[in-house]
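# Observations on the three-dimensional arrangement
Single-letter residue listing:
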Amino acid sequence: MLDDADEIHPLFHGAPQTTEFKKLRKRIVRYTREAVEQYGMVEKGAKWLVCLSGGKDSYTLLAVLYELKWRGLLPVELLACNLDQGQPGFPATVLPEFLKKMQVPHRIEYQDTYSIVMDKVPQGRTYCALCSRLRRGNLYRIAREEGCSAVVLGHHRDDILETFFMNLFHGGRLATMPPKLVNEEGDLFVYRPLAHIAEADCEKFARAMNYPIIPCDLCGSQDGLQRQQVKQILDQWEKNSPGRRQVMFRALMNIRPSHMLDPKLFDFAGLTLGNDKIDQISDVIPKLR
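Residues numbered from 1 in each chain as written. Predicted model: local features only at pLDDT ≥ 70, side-chain atom pairs only at ≥ 80, totals over all residues. Heavy atoms only, no water.

## Here's the deal with the pattern of salt bridges
- On inspection of all chains with the given rule, the structure shows 23 salt bridges.
- Of the charged contacts, one joins glutamate 145 and arginine 141 as a salt bridge, the two residues approaching to 3.2 Å between their closest N and O atoms. With glutamate 145 and arginine 141 both in helix H5 (residues 128–145) and 4 residues apart, the pair spans about one turn of that helix.
- Glutamate 145 sits in the partly exposed class, given a relative accessible area of 47%. (Salt bridge = Lys/Arg side-chain N within 4 Å of Asp/Glu carboxyl O. Helix = DSSP H or I, 4+ residues; strand = E, 2+ residues; numbered from the N terminus. Buried < 20%, exposed > 50% of the residue type's maximum accessible area, 1.4 Å probe, protein only.)

Printed below as a string of structure tokens:
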């Protein structure tokens, strides 16, 4: 599937020629294509705003989308976007220089949401929730201004699992970040094409490609977060039982409403003895899709 002689795009210049890296790259491409097709992300002729933070995940996202586009498997226009939120110490020149060098169409937007967050969030509380809302609002605005139909994010399999357990442990609900959704205003899609890809693969890929990774903890608000606690739990489970993360992720794709407890998803009160209960289950499942 991969071309030894033709690196296809500046994003892949200097790609390692080891068998291990070629397998990694092929796996990332295959899983991304699988998610794009499975969740119906492609609208021919659409334009996507690809959000680039400078972390390993967003670099991986950008590279794999360009590979799929080059192979004729992603007939959409891509516009990379970085939102500089005014965090102290953020290396503002890194991404513009990188994107220009890689010949990637892009937009760099500066919005000092950091000052707003510092002013509004009480001392000792984490900044992530408000920071995320402000970032999301600005990205939606930029997408509309650029004529994009979708905002594309670099969340991977482990992000999705961690969010599920955060909702389970702290939110009292079974929910996570879906690979595809429509925003509240109903005018933009939000896509997560890396939904099937492990965080470790993103890490290996971005570092092997020597992309200029920007740390995600510039605001100093990461330590002690609920997400970090959940990540530690999942790391321990994975250490004790290798492959556990993938098993749990498959469970998110294999939901049985009749074996849960939500009467809004399954008509327990109307359940009767006999074969008609099979029909009831069949009627409910399509509503979840």
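## Considering the packing of helix H8 (residues 226–240) against helix H9 (residues 244–252)
- Look at H8 against H9: their axes get within 8 Å of each other, and the N-to-C directions meet at 115°. Taken as axis vectors, H8 and H9 run roughly perpendicular relative to one another. Residues Lys231, Leu234, Asp235, Trp237 and Glu238 of H8 form the contact with H9, whose own contacting residues are Arg244, Arg245 and Met248.
- For the contact of H8 with H9, the class distribution of residues is 3 nonpolar, no polar and 5 charged. (Axes fitted to C-alpha atoms, helices over the stretch in contact; angles between N-to-C directions. Parallel < 35°, antiparallel > 145°, perpendicular 65-115°, else oblique. Contact = heavy atoms within 4.5 Å. Nonpolar A, V, L, I, M, F, W, Y, C, P; charged D, E, K, R; others polar.)

## With respect to the packing of helix H1 (residues 19–38) against helix H2 (residues 56–70)
- Where H1 meets H2, the axes come as close as 10 Å, and the angle between the chain directions of the two elements is 80°. It follows from the interaxial angle that H1 and H2 lie roughly perpendicular. Judged by residue contacts, Arg25, Ile28, Val29, Thr32 and Arg33 of H1 engage Thr60, Val64, Glu67 and Leu68 from H2.
- Of the residues assigned to the contact of H1 with H2, the class counts are 4 nonpolar, 2 polar and 3 charged.

## With respect to the environment of alanine 143
- Following the sequence through the fold, alanine 143 ends up in helix H5.
- Overall, the relative accessible area of 0% leaves alanine 143 in the buried class.
- Discounting chain neighbours no more than four positions away, the residues touching alanine 143 are Leu49, Cys148, Val151 and Leu188.

## Observations regarding helix H6 (residues 157–171)
- Between its terminal C-alpha atoms H6 stretches 20 Å, which fits the 21 Å expected from 15 residues at 1.5 Å a residue.
- For H6, the tally of buried residues reaches 11 of 15 residues, placing the bulk of the element in the interior.
- What H6 keeps buried is the set Arg157, Asp158, Asp159, Ile160, Leu161, Glu162, Thr163, Phe164, Phe165, Met166 and Asn167.
- Lining the buried residues of H6 we find H2, helix H7 (199–208), H8 and H9.
- Trailing H6 by a residue or two, glycine 172 shows a phi angle of about 65°, which is positive. (Expected span 1.5 Å × (residues − 1).)

## With respect to the pairing of strand S3 (residues 106–110)
- By the alternation rule, side chains of S3 split into Arg107 and Glu109, which are all buried, and His106, Ile108 and Tyr110, of which none is buried.
- Relative to S3, strand S2 (residues 77–84) runs parallel, the two being bridged by 5 bridges. Across the sheet, residue leucine 83 finds its bridge partner in S3, namely glutamate 109.
- You can see the chain leave S2, run along helix H3 (residues 94–101) and come back into S3, and the turn it takes is right-handed. (Pairing = 2+ DSSP bridges. Right-handed = clockwise from strand over helix to strand, strands pointing away.)

## Structural notes on the sheet that holds strand S6 (residues 189–191)
- Spatially, the 6 strands line up as an open sheet ordered S3-S2-S1-S4-S6-S5, and their pairing is mixed. Edge positions in the sheet fall to S3 and strand S5 (180–182), since each of these pairs with one other strand and no more. Direction aside, the axes of adjacent strands within the sheet are offset by 25° on average.
- Along the sheet, H2 makes contact with strand S1 (47–51), S2 and strand S4 (150–152), crossing S1 at roughly 150°.

## Focus: the nonpolar core
- In terms of nonpolar packing, the biggest core is built from 43 residues, with Leu11, Trp48, Leu62, Phe205 and Tyr211 touching the most fellow members.
- Take this core: its biggest share by element is 8 residues, from H2.
- Setting aside residues no more than four positions away along its own chain, tyrosine 211 makes contact with Leu11, Tyr59, Ala63, Phe98, Phe205 and Ala206.
- Leu49, Leu79, Ile142 and Leu153 belong to the second-largest nonpolar core, a separate cluster that totals 14 residues. (Core = buried A, V, L, I, M, F, W, Y, C linked by side-chain atoms within 4.5 Å.)

## Considerations on the confidence of the model for the protein
- With 89% of its residues at a pLDDT of 70 or more, the protein has an overall mean of 89.
- Low pLDDT, under 50, characterises residues 1–5; the stretch is placed with 13 contacts to residues that sit more than four places away or in other chains. (pLDDT = per-residue confidence, 0-100.)

## Describing the side chain of threonine 60
- Its location among the elements puts threonine 60 in helix H2.
- Threonine 60 sits in the buried class, given a relative accessible area of 0%.
- Setting aside residues up to four positions removed in sequence, threonine 60 forms contacts with Ile28, Cys202, Phe205 and Ala206.

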